[in-house]
Amino acid sequence: MPATDGSLTEREKAKVRNWFANRAAKAACESCGGRKWTLSGHVVHVPVWTTEYRTEVSSYPAVVVVCQGCAHMRFYSALGVGLCQEDIQEPARRRSGDEDTATLALSGR
Ligand SMILES: [Zn+2]
């Protein structure tokens, strides 16, 4: 599970890279047709839309991969990738030395 600031450890990045390579890497970028992607270093939230003002909103946790050719962003469910569990609220600790981004070496697939 990602740290409180949403940053991914190297182990979590590797898990996403493996998941991506096995399930999503064959699809070219919808925008430019590119096949080189960069994994963002954080889990992000996609908020649930509502017409009511709320100080807290529900959201879907997601990981983001960015096309190296055109910067198009793809969002994948962090739950589906296996990084987060819906019923766990307590964050994991971040290990030192983790980088903010990691390049996905998916060209030629
Ligand atoms: Zn692209």
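This text goes with the structure placed above it.
Worth saying up front: this structure is predicted, and the values here are computed from it rather than measured. (Residues numbered from 1 in each chain as written. Predicted model: local features only at pLDDT ≥ 70, side-chain atom pairs only at ≥ 80, totals over all residues.)

### What about the environment of Ser31?
Then step 1. Relative to the elements of secondary structure, Ser31 occurs in the loop between helix 1 (10-23) and strand 1 (37-47).
Then step 2. It is 9.0 Å that separates the C-alpha atoms of Ser31 and Ala71, two residues lying 40 residues apart in sequence.
Then step 3. In contact with Ser31, other than residues within four places in its own chain, are Cys67, Cys70 and His72. (Helix = DSSP H or I, 4+ residues; strand = E, 2+ residues; numbered from the N terminus. Contact = placed C-beta atoms within 7 Å.)

### Some thoughts on the nonpolar core
Then step 1. In this structure, Val16, Val43, Val63, Ala78, Val81 and Leu83 are the most contacted members of the largest nonpolar core, which totals 13 residues.
Then step 2. Those elements that provide at least two residues to this core are strand 1, strand 2 (59-67) and helix 2 (78-81).
Then step 3. Sorting elements by how many residues they give to this core places strand 2 first, with 4 residues.
Then step 4. Apart from the residues lying within four places of it in its own chain, the contact partners of Val63 are Val16, Ser40, Val43, Tyr76, Ala78, Val81 and Leu83. (Core = buried A, V, L, I, M, F, W, Y, C linked by C-beta atoms within 7 Å. Buried ≥ 20, exposed ≤ 12 C-beta atoms within 10 Å, placed from the backbone.)

None of this, on its own, says anything about what the molecule does.
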